[in-house]
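Below are the chains, spelled out letter by letter.
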Amino acid sequence: MSFLFGSRSSKTFKPKKNIPEGSHQYELLKHAEATLGSGNLRMAVMLPEGEDLNEWVAVNTVDFFNQINMLYGTITDFCTEESCPVMSAGPKYEYHWADGTNIKKPIKCSAPKYIDYLMTWVQDQLDDETLFPSKIGVPFPKNFISVAKTILKRLFRVYAHIYHQHFDPVIQLQEEAHLNTSFKHFIFFVQEFNLIDRRELAPLQELIEKLSSKDR
């Protein structure tokens, strides 16, 4: 299956969101990458001493968007209108799209359409300087954590869809370790700061317990 990976590193579903070099957020991202390298994910997600929680959540949210963007980009050929006519995570969970502005009433749509809506919506939030300020001294809005919670709740659904509907191609493409590490990092992060309601995590509860138990 390696023909899909002619330019694997550049194959993302949406353009990558870059954090400006030289900014404090860029330094935080570098710190996150360095602590991730230590292999202890529980430690890696903790708020660094003296840092602002909003800024830490913002940097990691951008990073998770980029990771999921890349992971989904590797399996887009398998996620089609025909193979995935609804956005689901196994037989018990189906998601309908609404963003509260352009689409107010939830609509049933195929998984690729749903994920396109979702990733475009997340990208718009990340690009909004009033929500995700990149300049030093510009404060985060008072509702920032609730915005981040909605973004992370929706990004989780992409992981859930990949695990439930596309795990075979992930194994064929030898992306399993990459997906598991990325998801484990994501889950430890949202658990550390209580960012996703437990009910929302139900589609992958068994996997979450398995990944968590290895770190006890």
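Source: prediction; values computed, not measured.

Rules of the game
- Residues numbered from 1 in each chain as written.
- Predicted model: local features only at pLDDT ≥ 70, side-chain atom pairs only at ≥ 80, totals over all residues.
- Heavy atoms only, no water.
- Core = buried A, V, L, I, M, F, W, Y, C linked by side-chain atoms within 4.5 Å.
- Buried < 20%, exposed > 50% of the residue type's maximum accessible area, 1.4 Å probe, protein only.
- Helix = DSSP H or I, 4+ residues; strand = E, 2+ residues; numbered from the N terminus.
- Contact = heavy atoms within 4.5 Å.
- Arc of directions from axis to C-beta.
- UniProt positions renumbered as here; feature names shortened; annotations may be inferred.
- Axes fitted to C-alpha atoms, helices over the stretch in contact; angles between N-to-C directions.
- Parallel < 35°, antiparallel > 145°, perpendicular 65-115°, else oblique.
- Left-handed = near helix turned anticlockwise from the far one by under 90°.
- Nonpolar A, V, L, I, M, F, W, Y, C, P; charged D, E, K, R; others polar.
- Expected span 1.5 Å × (residues − 1).

Visitor: Even after reading the chapter, I still don't get the nonpolar core, so can you show me in this structure?
Guide: Across soluble globular proteins, you tend to see nonpolar side chains buried next to one another. In terms of nonpolar packing, the biggest core is built from 66 residues, with Leu155, Phe156, Tyr159, Phe183, Phe186 and Leu204 touching the most fellow members. Mapped onto this core, the elements with two or more residues apiece are α1 (24-36), α3 (53-75), α4 (111-127), α5 (144-165), α7 (176-192) and α8 (205-213). Among residues more than four places away in sequence, those in contact with leucine 204 are Phe156, Tyr159, Ala160, Tyr163, His164 and Phe183.

Visitor: Just to check I follow, could you spell out unusual backbone geometry for this structure?
Guide: Its identity is not glycine, yet glutamine 174 carries a phi of approximately 60°, on the positive side. A positive phi is found at asparagine 194, a non-glycine position, where the angle reads about 55°. Examined against the element boundaries, asparagine 194 turns out to sit in the loop between α7 and α8.

Visitor: Looking at this structure, how should I read α8?
Guide: Each α-helix turn comprises 3.6 residues. Residues three or four places apart therefore point the same way. Every buried residue of α8 is listed here: Gln205, Leu207, Ile208, Leu211 and Ser212. Taken around the axis of α8, the buried residues stretch over an arc of 160°, which confines them to a single face. Facing away from the buried side of α8 by over 90 degrees, the exposed positions are Glu206 and Lys210.

Visitor: Can you help me understand the UniProt feature "binding site: Zn(2+)" (unreviewed entry) in the protein in this one?
Guide: UniProt feature "binding site: Zn(2+)" (unreviewed entry): in the numbering of this structure it lies at Cys79, Cys84, His161 and His166. These residues run over 88 residues, yet every pair of their C-alpha atoms falls within 9.9 Å of each other. Within the secondary structure, cysteine 79 is located in the loop between α3 and β1 (87-88). Since its relative accessible area comes to 4%, cysteine 79 is described here as buried. Dropping the residues within four chain positions of it, cysteine 79 is found in contact with Tyr72, Cys84, Ala111, Pro112, His161 and His166. By secondary structure assignment, the location of histidine 161 is in helix α5. Those residues within four positions of histidine 161 in sequence are excluded, and the remaining contacts are Cys79, Cys84, Met87, Ser88, Ala89, Ala111, Ile115 and His166.

Visitor: Which parts of the structure should I look at to understand the packing of α3 against α5?
Guide: Between two packed helices, what matters for the description is the angle formed by their axes and the separation of those axes. Interhelical geometry of α3 versus α5 gives an angle of 20° and a closest axis separation of 10 Å. Between α3 and α5, the angle is such that the two are roughly parallel. The handedness of the crossing between α3 and α5 comes out as left-handed. Contacts between α3 and α5 pair Leu53, Asn54, Val57, Ala58, Thr61, Phe64, Phe65, Gln67, Ile68, Leu71, Tyr72 and Ile75 from the former with Phe144, Ile145, Ala148, Ile151, Leu152, Leu155, Val158, Tyr159 and Ile162 from the latter. Class assignment for the residues of the contact of α3 with α5 results in 18 nonpolar, three polar and no charged.

Visitor: What exactly am I supposed to notice about α4 here?
Guide: Here α4 spans 24 Å end to end across 17 residues, near enough to the 24 Å set by a 1.5 Å rise per residue. Restricting attention to buried positions, one finds in α4 the residues Ala111, Pro112, Tyr114, Ile115, Leu118, Met119, Trp121, Val122, Gln123, Gln125 and Leu126. Against the buried residues of α4 lie α3, β1, β2 (94-95) and α5.

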